[in-house]
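Take a look at the letters that make up each chain.
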Amino acid sequence: DAAGRCGDGPAAERWLARAMEAGLADTATLNSVVQAVAQHSLEAAETLLTSAHDLKPDLITFNTLVAAAARIGDLAAAERFFEEAEAAGLSPDVVTFTSVIDAAAKRGDAPSAERWLDLAIARRIEPNAVTGGALVDVAARTGGTTAARSTLDNLRTSGVKPNIVTLNTLAATVAQEGDFASATRIYDEAIASGLRPDLIFFNTLLAAAAKAGDLQAAKEWFERAEQAGFTPDSFTLNTLISAAARSGSLKAANRWYNRMVTSKMQPDVVTFNTLISASARHGEMASAEQWLVEMSRTGEQPDVVTFNSLMAAAARKGNLACVERWFARACEVGLLRDVGSSLPSHKQAAPSQALLAYTSLMKAAADKGNLTALEHWASQASSSGVTLDATAFHHVVRACAYRGNLETAEEWLERAQREGVPVQLTVHNSIIAAAAREGDVARAEARFSALAEVGLHPDERTFSSLIGARARQGDLAGAKVWFDRMEASGLHPDIFHVTELLWACKLSPSRADAAAYAEQLARHMVQDRGIEIDQKFLVVLGKVIGARQAADLCRELGLDPDVVASRTAR
């Protein structure tokens, strides 16, 4: 038994053999040792059972093996042990069936769970609260809250009362979907049913409040857990730190960390990653780096998530040198692989984490306008086996466009399309907007034409850039064309688009025609479209048709004429 509890299968097998030789072992001995070994290794427990061929296993033996298989989600092994129990002349009971259903739940295999439930009922074995919990779990994994609630209702109809584990499963499901209010109602339901929520249940509600960014609610549930006699664990305090970080309260996050330390709990890598990420996200790089020092002081080692948080924060500030410094540190400690180096498979970062690192490097390089560095890091990502995704291309194209590097932006956009990476409309819009700002109307309009080729439909921002591009050139006719195309596409221009059109009137060389059109536009927007006119529009209108005429038009349309007179004079 001691060997089994230590996870030493061979030693347990050796001591059981000696007990059998001495005639001191029976089925109870076998069950005790199998149970202890199965906690660590299902394979070792099975080997132990095979070696003890002189001892006859009973249903407890097989139930132990089925439960061990269920814990690791090995449905095939659970079903095999079930069949072996029957082959040994034993009759599986509710515990056996519940464990097999639980194995199906762990795999998210709803059809198998239902099949085993039907078999249990056919054999007149009524499901209990534990069985019901497994069924609600698999329903939650495969169909979310709706399926879990439906399963729970069906169980109640069958006379099965849910236990606290079942209701906790349901609360965790709704909390994961962001429905904090429903999670609290399930707590009330548990209390009304005479059930006593455990610390896991309170932690579920804390996590739901944290996900909702409701620090006050998280604090209240923490206090209720303490009032119920529970001592918070590291998950509780990590959740409170996360809630404070999500709400932007770095001081509160610091206070909860101090509470963890004074409670003699060991902060883990999750604790520090939350604090580092929160500090970095709010631009507090000095604080983020100080948390890294504290992490080292407590003996915790940073992981790739730690460094990615620091790199992403530096990238948001456009600090390429800082991103490169953190990348180098991550490579030094073997969390990321620099080109030319190799890592053991167990230390290699997950592809998603490596991608985040290279995305930060490329974004920072693009923000700085350092095209050499951009190409270098893109090449290194490729050499490291990292495939760039839509987010990486999005950051690079938008950064290049923002800095006016339009050719580079389009080259990266075309590269994404060649590699089959889906590019969102916002990326195309960033190029159209940048081209419009630079006065490159031809490029902006060519990019618009390319949208249809990739199956994208322009939005209000697309047309705003194109109307503005023509307006800045005083091309009233061209601006009107884009305005009309916007309406024809089913989009509704707002005051911003109308003001852009009015600027085209102001800059148009045909002053008389532009003034007439501006007056007509104002009447149409107010009388026919019901668009609320703002001060900026009235000021521009005064500059186009003259302050006095604009004031008269305002009176006619029921607008304040004083805005035109005072603002136009300034």
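Student: How should I be thinking about the nonpolar core in this particular structure?
Tutor: Grouped together as the largest cluster of nonpolar side chains are 185 residues, with contacts concentrated most on Phe201, Phe327, Leu336, Trp412, Phe537 and Leu541. The element contributing the most residues to this core is helix H20 (residues 351-368), with nine residues. Setting aside chain neighbours within four positions, we find Leu541 in contact with Leu502, Ala518, Ala522, Gly546, Ala550 and Leu553.

Student: Looking at this structure, I do not really get the pattern of salt bridges. What am I missing?
Tutor: Two side chains carrying opposite charge are able to pair once their charged atoms lie near each other. Taken as a whole, this structure holds 17 salt bridges when the rule is applied. Residues Arg443 and Asp440 are paired through a salt bridge, measuring 3.0 Å at the closest nitrogen-oxygen approach. A relative accessible area of 25% places Asp440 in the partly exposed class. Several salt bridges share partner residues, and in doing so they unite Glu410, Asp440, Arg443 and Arg447 into one network.

Student: Just to check I follow, could you spell out the state of the cysteines for this structure?
Tutor: Between two cysteines, a covalent bond joining their sulfur atoms is known as a disulfide. Enumeration according to the criterion identifies zero disulfides in this entry. Free of any disulfide, Cys322 has its nearest neighbouring cysteine sulfur in Cys331, separated by 15 Å.

Student: Would you mind going over the packing of helix H5 (residues 59-71) against helix H6 (residues 75-87) with me for this structure?
Tutor: Helix-helix packing is characterised by the crossing angle of the two axes and by the distance between the axes. Their axes nearest at 8 Å, the elements H5 and H6 cross at an angle of 170 degrees. The orientation of H5 relative to H6 falls into the category roughly antiparallel. Facing Phe62, Leu65, Val66 and Ala69 of H5, the residues of H6 in contact are Ala77, Ala78, Phe81, Phe82, Glu84 and Ala85. In the contact of H5 with H6, the residues fall into nine nonpolar, no polar and one charged.

Student: How do you make sense of a negative patch on the surface when you look at a structure like this?
Tutor: Together, Glu375, Glu407, Glu411 and Glu414 make up a region of like negative charge exposed at the surface. As for its position among the elements, Glu375 is in helix H21 (residues 371-383). A relative accessible area of 41% places Glu375 in the partly exposed class.

Student: I tried to follow the packing of helix H17 (residues 285-297) against helix H19 (residues 320-332) on my own but got confused; where do I start?
Tutor: Contact geometry of H17 with H19 gives a least axis separation of 14 Å together with a crossing angle of 10 degrees. In terms of axis orientation, H17 runs roughly parallel to H19. Contacts between H17 and H19 involve Met285, Glu289 and Leu292 from the first element and Cys322, Arg325, Trp326 and Arg329 from the second. In terms of residue class, the contact of H17 with H19 is made up of four nonpolar, no polar and three charged.

Student: Help me understand the environment of Ile121, please; the structure alone is not making it clear to me.
Tutor: In this structure, Ile121 sits in helix H8 (residues 110-122). Taking the relative accessible area as the measure of exposure, Ile121 reaches 42% and is therefore partly exposed. Expressed as a C-alpha distance, the spacing of Ile121 and Val94, which sit 27 residues apart in the sequence, is 9.9 Å.

Student: It is not clear to me how the packing of aromatic side chains should be interpreted in this structure. Could you clarify?
Tutor: Given two aromatic rings, one states the distance between the centres and the angle between the planes to describe the pair. With the rule as written, the count across this model stands at 19 aromatic pairs. For the pair Tyr187 and Phe202, a centre-to-centre distance of 5.7 Å together with 55 degrees between the ring planes defines the contact as tilted. On the criterion of sequence distance, the pair formed by Tyr187 in helix H11 (residues 180-192) and Phe202 in helix H12 (residues 199-211) is long-range, its members being 15 residues apart. One exposure class covers both Tyr187 and Phe202, and it is buried. An aromatic cluster is present here, built from Tyr187, Phe201, Phe202, Trp221 and Phe230 joined pairwise through their rings. Lying across the ring of Trp326, Arg325 places its NZ or CZ 5.0 Å from the centre.

Student: Could you clarify how one ought to interpret H17 in this entry?
Tutor: Working note: α-helix, 3.6 residues per turn, so residues spaced by three or four point in the same direction. Taking 1.5 Å as the rise per residue, H17 with 13 residues should run 18 Å; its terminal C-alpha atoms sit 19 Å apart, in good agreement. On its buried face, H17 sits against helix H15 (250-262), helix H16 (269-281), helix H18 (304-316) and H19. Among the residues trailing H17, Gly299 stands out with phi positive, at a value near 90 degrees.

Student: Just to check I follow, could you spell out the side chain of Asn168 for this structure?
Tutor: Tracing the sequence through the fold places Asn168 in helix H10 (residues 164-176). Assessed through its relative accessible area of 11%, Asn168 is described here as buried. Other than its neighbours up to four places away in sequence, Asn168 contacts Ile200, Phe201 and Thr204.

Student: Which parts of the structure should I look at to understand unusual backbone geometry?
Tutor: With a phi close to 65 degrees, Lys264 is a non-glycine residue in the positive phi region. As for its position among the elements, Lys264 is in the loop between H15 and H16.

Student: Help me out: how do you make sense of helix H25 (residues 441-453) in this one?
Tutor: In a regular helix each residue adds 1.5 Å, so 13 residues correspond to 18 Å; H25 covers 19 Å between its end C-alpha atoms and thus fits that length. Inspection of H25 places Val441, Arg443, Ala444, Glu445, Arg447, Phe448, Ala450 and Leu451 among the buried residues, and these make up the whole buried set. Gly455, located one to two residues past H25, shows a positive phi value of around 75 degrees.

Student: Explain the confidence of the model for the chain to me, please; I cannot follow it from the model alone.
Tutor: Reading fine detail from the predicted coordinates is not recommended where pLDDT is low. Within the chain, residue pLDDT values average 85, and 95% of them lie at 70 or more. Across the chain, H25 holds the top mean pLDDT of 94, while helix H32 (residues 561-569) sits lowest at 54. This model gives residues 339-349 a pLDDT under 50, and the stretch forms 16 contacts once residues within four places in sequence are excluded. In the model, residues 565-570 has pLDDT below 50 throughout and makes eight contacts with residues more than four positions away in sequence or in other chains.

Student: Help me out: how do you make sense of the environment of Thr231 in this one?
Tutor: Residue position: Thr231 is located in the loop between helix H13 (215-227) and helix H14 (234-246). The spacing of Thr231 and Val100 is 131 residues in sequence and 34 Å in space, taken between C-alpha atoms.

Student: Which parts of the structure should I look at to understand the environment of Ile101?
Tutor: Along the polypeptide, Ile101 turns up in helix H7 (residues 94-107). In this structure the C-alpha to C-alpha distance between Ile101 and Ala551, which are 450 residues apart in sequence, comes to 78 Å. Residue contacts for Ile101: discarding those within four places in its chain leaves Ala113, Trp116, Leu117, Thr131, Ala134 and Leu135.

The rules behind the values
Residues numbered from 1 in each chain as written. Predicted model: local features only at pLDDT ≥ 70, side-chain atom pairs only at ≥ 80, totals over all residues. Heavy atoms only, no water. Core = buried A, V, L, I, M, F, W, Y, C linked by side-chain atoms within 4.5 Å. Buried < 20%, exposed > 50% of the residue type's maximum accessible area, 1.4 Å probe, protein only. Helix = DSSP H or I, 4+ residues; strand = E, 2+ residues; numbered from the N terminus. Contact = heavy atoms within 4.5 Å. Salt bridge = Lys/Arg side-chain N within 4 Å of Asp/Glu carboxyl O. Disulfide = S-S within 2.5 Å. Axes fitted to C-alpha atoms, helices over the stretch in contact; angles between N-to-C directions. Parallel < 35°, antiparallel > 145°, perpendicular 65-115°, else oblique. Nonpolar A, V, L, I, M, F, W, Y, C, P; charged D, E, K, R; others polar. Patch = residues over 30% accessible without salt bridge, like charges linked within 9 Å, V, L, I, M, F, W, Y side chains within 5 Å. Areas by Shrake-Rupley, 256 points an atom, 1.4 Å probe, with all protein chains shown as cover. Lys, Arg positive; Asp, Glu negative; His and termini not counted. Charge placed at Lys NZ, Arg CZ, Asp CG, Glu CD. Phe/Tyr/Trp six-rings, centres within 6.5 Å; stacked < 30°, edge-to-face > 60°. Lys NZ or Arg CZ within 6 Å of the ring centre and 35° of its normal. Expected span 1.5 Å × (residues − 1). pLDDT = per-residue confidence, 0-100.

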